[in-house]
Amino acid sequence: MENTKSPGQMADEIIRGRRLKRGEDFSFLLDAPLAELSAAAGRLQKHFCGNHIDLCTVINGRSGHCGENCKYCAQASCHKTHIDEYGFLPEDEIVENARANETEGVNRFAIVTSGRRLAGEDFRKALHCYRRMKKELTHMDLCASHGLLTREQLHELHEAGVTSYHHNIETSRRFFPQICTSHTYDDRIQTIRRAQEEGFCVCSGGIIGLGEDWDDRIDMAVSLAELGIESIPVNALMPIPGTPLENQPLISSEDILRTVAIFRFINPTANIRLAAGRKRLPDNGATALQSGASASITGNMLTTTGTTIREDMAMLERLGLSNQDR
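Residues numbered from 1 in each chain as written. Predicted model: local features only at pLDDT ≥ 70, side-chain atom pairs only at ≥ 80, totals over all residues. Heavy atoms only, no water.

Draft legend 1. Region of interest: the overall build of the chain. In terms of regular secondary structure, the chain is built from 10 helices and nine strands. Rg of the C-alpha trace for the chain: 19 Å, near the compact-globule value of 20 Å for 326 residues, within the 12% margin. Every one of the 326 residues in the chain was classed for burial, and the buried ones make up 55%. Within the chain, counting contacts between residues at least 6 apart in sequence, those at least 24 apart form 74% of the total. A total accessible area of about 14000 Å² is found for the chain, and carbon and sulfur atoms account for 48% of it. Computing the positive centroid from 37 side-chain charges and the negative centroid from 44, the chain places the two 2 Å apart. (Helix = DSSP H or I, 4+ residues; strand = E, 2+ residues; numbered from the N terminus. Rg over C-alpha atoms; globule rule 2.2 N^0.38 Å. Buried < 20%, exposed > 50% of the residue type's maximum accessible area, 1.4 Å probe, protein only. Contact = heavy atoms within 4.5 Å. Areas by Shrake-Rupley, 256 points an atom, 1.4 Å probe, with all protein chains shown as cover. Lys, Arg positive; Asp, Glu negative; His and termini not counted. Charge placed at Lys NZ, Arg CZ, Asp CG, Glu CD.)

See the structure below:
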């Protein structure tokens, strides 16, 4: 049945407990004027998240030499991107980076590593590093992003003090084979379920602007809702020279904002997190942080430049928002 409700009316129903499900008519999310949709998404954000904005930072703990073939990724060895390639970073460098971010007031710190799965000596190094950060950093939650880990590895991470695990689904099930064939969509779903069973808060989202359509974006949002994901990063593709998507047209800022609003409607209680591509948004994302997005990665991204933490703190203060506990 066609949905004739306005975004505002639907927001009222969601606040009262309704949740949008697979198979419903989502056309109102695409047909509504962006300003109207964003205003309603902002109301949902205010109701479910208050004035709190969750800020996290990432460090590229191991770079390049990845055997997977994700078309968007600078770190895949099958692509010629000329990025810096290195093994697992020295522990002191990682800990000092985390400590500096804690001093700046960031909520969460993540080590992200290239490759299908962190294993062997590098995994042992990561565990030791997490144990040390858990001991030395008193106001920072720890997140890990190390690929398709086993149940045993996830358990070891959890015991080492890691509370969140990041693993994107990237796009819809239908579109996934268009961007990666070296592993499957179901491989990613399996890892997410394992992390949830271990007790992690799972951070999982994806990339828009890969060549997918709106149905794919909505499908991704619905799949994340079905998985019960608590933190959803929305990345806008920044085409990297040397990857198969280097000539992919940039998605518009309006489409990024519409996607953020759509994700808020379908995942009303989750943290919708601005990630790569944020600098292309109005006022460096300030508009999005008032119209659906309740979180952001801050500082530098993995292989692209982000925004400084101090700039973000100043922006939150200007908007009447805070990254302190609600």
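On we go from here.
Draft legend 2. Molecular detail of unusual backbone geometry. The phi torsion at E170 lies on the positive side, around 75 degrees, for a residue other than glycine. Following the sequence through the fold, E170 ends up in the loop between β4 (164–166) and α7 (185–198). Phi at N284 is positive, roughly 60 degrees, even though this residue is not glycine. Summarising the element assignment, N284 is placed in the loop between β8 (271–274) and β9 (295–297).

Draft legend 3. Just the layout of surface pockets, in detail. Of the pockets and cavities examined, the second largest pocket occupies roughly 200 Å³. Lining the second largest pocket we find 15 residues, and of these R19, A225, E226, I266 and N267 sit closest to its centre. Among the elements that make up the lining of the second largest pocket, the one with the highest residue count is helix α8 (residues 214–227) (three residues). In the lining of the second largest pocket, the residues fall into seven nonpolar, three polar and five charged. (1 Å grid on protein atoms, 1.4 Å probe; cavity = no way out; pocket = protein on both sides within 12 Å on 5 of 7 lines; lining within 4 Å. Points joined across faces, edges and corners; volume = space filled by probe spheres on them. Nonpolar A, V, L, I, M, F, W, Y, C, P; charged D, E, K, R; others polar.)

Draft legend 4. Fine view of helix α6 (residues 151–159). Within α6, burial applies to Q153, L154 and L157. In an axial view of α6, the angular spread of the buried residues amounts to 100 degrees, which keeps them on one side of the axis. Exposed residues pointing more than 90 degrees away from the buried face of α6 are listed as E152 and E159. As for α6, its buried residues are in contact with α5 (120–136), β3 (141–145), β4 and α7. Where α6 ends, the next residue or the one after it, G161, has phi of about 115 degrees, a positive value. (Arc of directions from axis to C-beta.)

Draft legend 5. Quick peek at the pattern of salt bridges. In the structure shown here, the tally under the stated rule is 25 salt bridges. For R22, the salt bridge identified is with D219, shortest N-O distance 2.7 Å. Taken together, the residues span a long stretch of sequence, with R22 in the loop between α1 (7–15) and α2 (27–31) and D219 in helix α8 at a distance of 197 residues. Overall, R22 belongs to the partly exposed group, its relative accessible area being 43%. A salt bridge links R99 to E136; the shortest N-O distance between them is 2.4 Å. With R99 in helix α4 (residues 91–104) and E136 in helix α5, the pair connects residues that are 37 residues apart, well separated along the chain. With a relative accessible area of 25%, R99 lands in the partly exposed category. A single salt-bridge network, built from bridges that share partners, covers E91, D92, E96, R99, R132 and E136. (Salt bridge = Lys/Arg side-chain N within 4 Å of Asp/Glu carboxyl O.)

Draft legend 6. Representation of the pairing of β3. The buried fraction of β3 is high, at four of five residues. Of the strand pairs in this sheet, strand β2 (residues 108–113) and β3 are connected by five bridges, and their pairing is parallel. From the neighbouring strand, F109 faces β3, where its bridge partner is L142. On the question of chirality, the crossover connecting β2 to the parallel β3 by way of α5 is right-handed. Pairing analysis gives two bridges linking β3 to β4, with the strands arranged parallel. (Pairing = 2+ DSSP bridges. Right-handed = clockwise from strand over helix to strand, strands pointing away.)

Draft legend 7. Inspection of the environment of K71 at higher detail. Along the chain, K71 turns up in the loop between β1 (54–62) and α4. Through-space distance from the C-alpha of K71 to that of R124 is 29 Å; in sequence the pair is 53 residues apart. Beyond its immediate stretch of four places on either side in the chain, K71 contacts H79, Q178, I179, T243, P244 and L245.

Functional significance is not addressed by these values, which are geometric in nature.
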